[in-house]
Amino acid sequence: MPTENKSKIINELEDTMAKSKVIILAEYRGMKATQLSGLRRKLKGSESEIRVVKNTLARLAAIRSGKEALVSAIEGPIAITFGFGDVAAPARVFTGNQADLEGLVIKGGFLGGKMYSRNDILSLAALPSREVLLGRVLGQMNAPVSHLVGALTSPLRGIMGILQARIKQLEEKQ
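Here is what the cut-offs are and how they apply
Residues numbered from 1 in each chain as written. Predicted model: local features only at pLDDT ≥ 70, side-chain atom pairs only at ≥ 80, totals over all residues. Heavy atoms only, no water. Helix = DSSP H or I, 4+ residues; strand = E, 2+ residues; numbered from the N terminus. Pairing = 2+ DSSP bridges. Axes fitted to C-alpha atoms, helices over the stretch in contact; angles between N-to-C directions. Contact = heavy atoms within 4.5 Å. Salt bridge = Lys/Arg side-chain N within 4 Å of Asp/Glu carboxyl O. Buried < 20%, exposed > 50% of the residue type's maximum accessible area, 1.4 Å probe, protein only.

Caption draft 1: Highlighting the environment of Ser 72. Along the polypeptide, Ser 72 turns up in the loop between α3 (55-64) and β3 (78-83). Here the alpha-carbon distance between Ser 72 and Leu 134, two residues 62 residues apart in the chain, equals 36 Å.

Caption draft 2: Highlighting the sheet that holds strand β1 (residues 22-27). The strand order across the open sheet formed by five strands is β2-β3-β1-β4-β5, and the pairing between neighbours is antiparallel. A single partner strand is all that each edge strand has here, and the edge strands are β2 (48-52) and β5 (114-117). Going from strand to strand, the sheet's axes swing by 25° on average, the running direction of each strand aside. Inspection of the sheet shows β1 paired to β3 by six bridges, in the antiparallel sense. Paired with Glu 27 across the strands is Ile 78, a residue of β3. Contacts between helix α2 (residues 33-44) and the sheet are confined to β2 and β3, with β2 contributing the most and set at about 150° to the helix.

Caption draft 3: Broad picture of the pattern of salt bridges. For the structure on display, the rule yields three salt bridges. Two residues, Glu 27 and Arg 29, come together in a salt bridge whose shortest N-O distance is 3.0 Å. Of the charged contacts, one joins Asp 86 and Arg 92 as a salt bridge, the two residues approaching to 3.1 Å between their closest N and O atoms. Note on Arg 92: relative accessible area 27%, which makes it partly exposed.

Caption draft 4: Region of interest: the environment of Ile 121. Turning to its location among the elements, Ile 121 is positioned in helix α5 (residues 118-125). Between the alpha carbons of Ile 121 and Gly 109 there is a distance of 6.5 Å; along the sequence they are twelve residues apart. Ile 121 has contacts with Ile 24, Ala 91, Ile 106, Gly 108, Gly 109 and Tyr 116, leaving out every residue within four places of it along the chain.

Caption draft 5: Just the side chain of Ser 46, in detail. Tracing the chain through its elements places Ser 46 in the loop between α2 and β2. Setting aside chain neighbours within four positions, we find Ser 46 in contact with Ala 89, Pro 90 and Val 93.

Caption draft 6: Up close: the side chain of Thr 81. Looking at the element boundaries, Thr 81 is found in strand β3. Leave out the neighbours within four places in its chain, and Thr 81 touches Val 22, Ile 23, Ile 24, Leu 43, Ser 48, Glu 49, Ile 50, Pro 90 and Phe 94.

Here is the structure:
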């Protein structure tokens, strides 16, 4: 039976897990406390947070939040990162300046009801932001219209070129 304090931690973790869009598990063995504090600051800027909790409490919270797939991955000294905004943002922080993150090893992650490997999380970090992707989609949607306008105005430009050449020719004769 968990104590009142542990129950409170489990409930907080359960709520955080339920709210998060992505959860990244990383082993922090060998990482200094100052490095972990710096990582916390960087993650806060990307709508994410990192927590180090006892594995048994994290497993109970994962089960209660409906994310049972996390249970098997929570082993050893694990830091759990919760992402609430852009799902790739916390992964980008982890793949940032490696000198600051010495001793931190990504073990895997949870996204969309499924567990992903370390390589999947690293490839997630390589994805462009949501805004960039939307810009690309809109550009691709706009391209056919732009090409159509160009094709429709091309004959008109040709006629204008012929008329201007004829005007220039007539002016030279005078």
